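This is what each chain is made of:
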Amino acid sequence: MVYQWDAFVPESPNYGKKTPWVNSPNGPIKFFNKGVTYTNSFDITGGSDVAAFRLGYTNLDQKSIMPNGYLKKNNIAFNGSYNMLKNLKVSASANYTNTAGKGRNSTGYSDNIMTSFRQWYQTNVDMLLLKDLFEKTGRSQNITWNRTYYDDPYPLYWDSPYWVRYKNFETDERNRLIGYMQTDWKVASWLNIMGRISVDTYNELQEERKAVGSVAGEMGPERPDVTSGYSRFARTYLETNYDLLANFKKDITSKLNFNGILGTNFRRTKDDRIFEGTAGGLSVPDVYALSNSVDPLQIPVESYRRIGLNGYFGSISLGYNNMLYLDATYRIDQSSTLPKGNWTYTYASISGSFLFSEILKQNWLQLGKLRLNYAEVGNDAPWASVIDTYTPIAPLNG
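**Some details on helix 1 (residues 113-120)**
Residues Ile113, Thr115, Ser116 and Phe117 constitute the buried set of helix 1. Here the buried face of helix 1 lies against helix 2 (127-136) and helix 3 (161-166). The N-cap of helix 1, judged by a side-chain oxygen 3.2 Å from the amide nitrogen of Met114 a few residues on, is Asn112.

**Some remarks on the sheet that holds strand 15 (residues 301-320)**
In space, the 12 strands of this open sheet follow the order 1-2-3-4-7-8-11-12-15-16-17-18, with antiparallel pairing throughout. Every other strand in the sheet has two partners, leaving strand 1 (36-47) and strand 18 (370-375) as the edge strands with one partner each. Looking at each pair of strands side by side, their axes are set apart by 10° on average, direction ignored. Bridge count for strand 15 against strand 16 (residues 324-335) is 12 bridges, and the pairing is antiparallel. Paired with Gly319 across the strands is Tyr325, a residue of strand 16.

**What to know about unusual backbone geometry**
Phi is positive for Asp286, which is not a glycine, with a value near 65°. Inspection of the secondary structure assignment puts Asp286 in the loop between strand 13 (279-282) and strand 14 (293-295). Residue classification places Asp286 among the partly exposed positions, given a relative accessible area of 45%. For Asn322, which is not glycine, the phi dihedral falls at a positive 55°. If you trace the backbone, Asn322 turns up in the loop between strand 15 and strand 16.

**Re the pairing of strand 3 (residues 70-85)**
Judged from the 13 bridges that link them, strand 2 (residues 51-63) and strand 3 form a sheet pairing that is antiparallel. Following the sheet pairing, Ala51 is matched in strand 3 by Tyr82. Connecting strand 2 to the antiparallel partner strand 3 that follows it, the hairpin turn spans six residues, and Asn68 within it adopts a positive phi of roughly 60°. Both strand 3 and strand 4 (residues 88-102) contribute to a ladder of 15 bridges, which runs antiparallel.

**So, the side chain of Ser214**
With respect to the element layout, Ser214 can be found in the loop between strand 8 (191-210) and strand 9 (217-218). When its relative accessible area of 0% is taken as the criterion, Ser214 is described as buried. At 2.7 Å, the side chain of Ser214 and the backbone oxygen of Ala211 are in polar contact. Apart from residues lying up to four places away in sequence, Ser214 is in contact with Asn142, Tyr154, Asp159, Trp163, Asn168 and Thr227.

The rules we used
Residues numbered from 1 in each chain as written. Predicted model: local features only at pLDDT ≥ 70, side-chain atom pairs only at ≥ 80, totals over all residues. Heavy atoms only, no water. Buried < 20%, exposed > 50% of the residue type's maximum accessible area, 1.4 Å probe, protein only. Helix = DSSP H or I, 4+ residues; strand = E, 2+ residues; numbered from the N terminus. Contact = heavy atoms within 4.5 Å. Polar contact = N/O pair within 3.5 Å; in protein donor to acceptor, adjacent residues only side chain to side chain. Pairing = 2+ DSSP bridges. Axes fitted to C-alpha atoms, helices over the stretch in contact; angles between N-to-C directions.

Honestly, that's just the spatial picture; any functional story needs more than this.
Laid out in structure tokens, this is it:
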């Protein structure tokens, strides 16, 4: 019989009592919930001889296996097409998704619940009692099995897993829209032209919390060890693409055929992000705001990236008698991430093949082919990698 961790908690039924040092029947497995996912959706479709559309909605509500955790998604999708002329079709698509999450896995080491269970946990701890004591104290005390001392309840190494899930929880939300508008024009039997504008944009906010009374752990852009704090990461992203593509397909003779592509792609990207966090802890407990920082805020990690890429490309494919083939591609790109006087680069490829099985007719040979090809690959530089950039240094002592 020994005085265990709960013998020093006034709210515990074992307060001031010795209890047997045995493996608890309510181990870490009692901490987890049954994960449940609900999915509801409906579709509306319609059309005629010249038009068609589909509108759909899907709702996903997922309960985490860990307490105080969920993932919710709402998605609206639309696509439709309309034949304006016999040889001219217009189509469009849009997909909007709102995602909200709470209680995703913590970053860093000290808030990793699974590490505390697998590496440092004491098997005599009654998980249901730990939960009951957390609730009895109004979720305001970090009651844990590894007290600093018998008269000092502050955790020595690990927070209560319920404290982590209900006080040091993470939240995030993202709104994303992906869509395009496209026109297809059949100019002739051997020529099709496609024009398209597409967009991919989203904004997101990720927040992390560490309540006053927690074990010290990393938080914020500079990753200092703090016993309380708040950080937020915000990002806005926009990518637009403008495409124009001409497809050629023609039989020059009964044995010689030609396929070709000429196209352009103009891509524009904007990426605005900032990561900021409190310093020195929170002035007022349970108020999670950057303005509640004890010390001057950490130097934020922020960037505003604008990238432009203009691409011009083409390809040809010649086939003779279903036996000889020649294919070639060529592309010219201009990228804003390269020096202005040297931001154009090209790359090409060529390949040839010979289907000798068309000449060598044997029952045991289904397909025989010889192929030779050569290709070059081009790429631009990462954003801001060819110019001087500067990193601010935190002021000494404020």
